[in-house]
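Structure at a glance
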Amino acid sequence: MQATHIIAIRHGETAWNVDTRIQGHLDIPLNDTGLWQAEQLARALAGEPIAAIYTSDLQRAHATAQAVARTTGAPLTAEPGLRERSFGRFQGRTFAQIEAELPADALRWRKRDPHYAPEGGESLLTLHARIERTIATLAQPHLDEQIVLVAHGGVLDALYRLATRQDIQAPRTWQLSNAAINRLLWTPDGLNLIGWADTRHLDDAVRDETNA
């Protein structure tokens, strides 16, 4: 069966990642570490055959994708369907603030209630349906090719669950590292996992700087 190879990337680090502040659809830029991570990622993918790059239109993902596009020469397209989950009134708050100010909502969020949506935001069921639909739309035209998707933590979590057939409410035991390389295979039957959370390009770069 024909398949599309997918390299799925979570954007580089932002200041709000460090602060554990919910970003959702708010358009937060990469911090200096995130910009550095994007460049190391681009170097790591420089030799890969890439037919196309698709990115969330939020700038933290788009800037990460632009670094890869500059290095590989692959065409870059912004795709709103790859946006992070909308967290409604959670957006802009830290985890601690949500626990303190909205304890009932925080409990349903922690339990991964698939039907729960923060006021003005998306439920997990809505997010997963959006991601599954978007991935199929993007992957179908690239059978027997490789594409890069640059998105967000919630999107990557959804992709992992789809690829491993894990329930939406299953506890997360996998990493969602900024600028890690994650590999998936898409066929009309769905997603399959090839490799996950490869950060060797970031580790090696740190060692090189230390030794310089």
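Before going into details, it helps to say that this report is about the structure given with it. Here the residue index of a chain counts from 1 through its sequence in written order. Residue-level local features of this predicted model are given only where pLDDT is at least 70; pairs of side-chain atoms are given and counted only at 80 or more, and the full residue set underlies all totals for whole chains, interfaces and linings. Calculation of side-chain values draws on the structure's entire complement of heavy atoms; hydrogens and water are dropped beforehand.

Structural notes on the overall build of the chain
- Secondary structure is summarised from DSSP: a helix means a run of H or I of at least four residues, a strand means a run of E of at least two, and numbering begins at the N terminus for each. On a plain count of helices and strands, the chain comes out with eight helices and six strands.
- Just to be clear, the radius of gyration here is over C-alpha atoms, and the globule rule we use is 2.2 Å times residues to the power 0.38. For 212 residues, the compact-globule formula gives about 17 Å, and the C-alpha radius of gyration of the chain, at 17 Å, lands near that figure.
- Long-range pairs, those at least 24 residues apart, make up 69% of the contacts in the chain with a sequence separation of at least 6.
- Computed by Shrake-Rupley with a 1.4 Å probe, the accessible areas treat only the displayed protein chains as cover when residues are assessed. Here the chain has roughly 9800 Å² of accessible surface; of this, 49% comes from carbon and sulfur atoms.
- Placing the 21 positive and 26 negative side-chain charges of the chain at their respective mean positions leaves the two points 5 Å apart. Only heavy atoms matter for contacts: two residues are in contact if any of them lie within 4.5 Å across the pair. Think of it this way: Lys and Arg go in the positive column, Asp and Glu in the negative one, and His and the chain ends go nowhere. Where a charge lies is defined by one atom per residue type: Lys uses NZ, Arg uses CZ, Asp uses CG and Glu uses CD.

As for the side chain of Q37
- Along the polypeptide, Q37 turns up in helix 2 (residues 32–44).
- Summary of the burial criterion: residues with accessible area below 20% of their type's maximum are buried, those above 50% are exposed, and those between are partly exposed, where the area comes from a 1.4 Å probe applied to protein chains only. Judged by its relative accessible area of 9%, Q37 is buried.
- Each polar contact in these results corresponds to two N or O atoms within 3.5 Å; when the atoms are within protein, one needs to be able to donate a hydrogen and the other to accept it, and residues that are neighboring in sequence are counted only if both atoms are side-chain atoms. A polar atom in the side chain of Q37 sits 2.8 Å from the backbone nitrogen of E13.
- The residues contacting Q37, other than those within four sequence positions of it, are G12, E13, N178, A179 and L202.

Points about helix 7 (residues 153–164)
- Here a helix's expected span is defined as the number of its residues, less one, multiplied by 1.5 Å. An ideal rise of 1.5 Å per residue puts 16 Å on twelve residues; helix 7 measures up with 17 Å between its terminal C-alpha atoms.
- With eleven of twelve residues buried, helix 7 lies mostly within the body of the structure.
- If you check which residues of helix 7 are buried, you get G153, G154, V155, L156, D157, A158, L159, Y160, R161, L162 and A163.
- Lining the buried residues of helix 7 we find strand 1 (4–10), helix 6 (124–139), strand 4 (146–151), strand 5 (181–187) and strand 6 (190–198).
- Just downstream of helix 7, R165 is the residue with a positive phi angle, here 60 degrees.

Remarks on the sheet that holds strand 6
- When DSSP locates at least two bridges between a pair of strands, those strands are taken to pair. In spatial order, the strands read 3-2-4-1-5-6; together these six strands make up an open sheet with mixed pairing. A single partner strand is all that each edge strand has here, and the edge strands are strand 3 (76–78) and strand 6. Neighbouring strand axes in the sheet, compared pairwise and without regard to direction, differ in orientation by 20 degrees on average.
- Bridge count between strand 2 (residues 52–55) and strand 4: four bridges; the pairing is parallel. Each bridged residue has a counterpart across the sheet, and for A52 the counterpart in strand 4 is I147. Angles shown run from 0 to 180 degrees and are taken between the N-to-C directions of axes, each axis being a line fitted to C-alpha atoms and, for helices, limited to the stretch in contact.

Distances and angles like these do not, on their own, reveal function.
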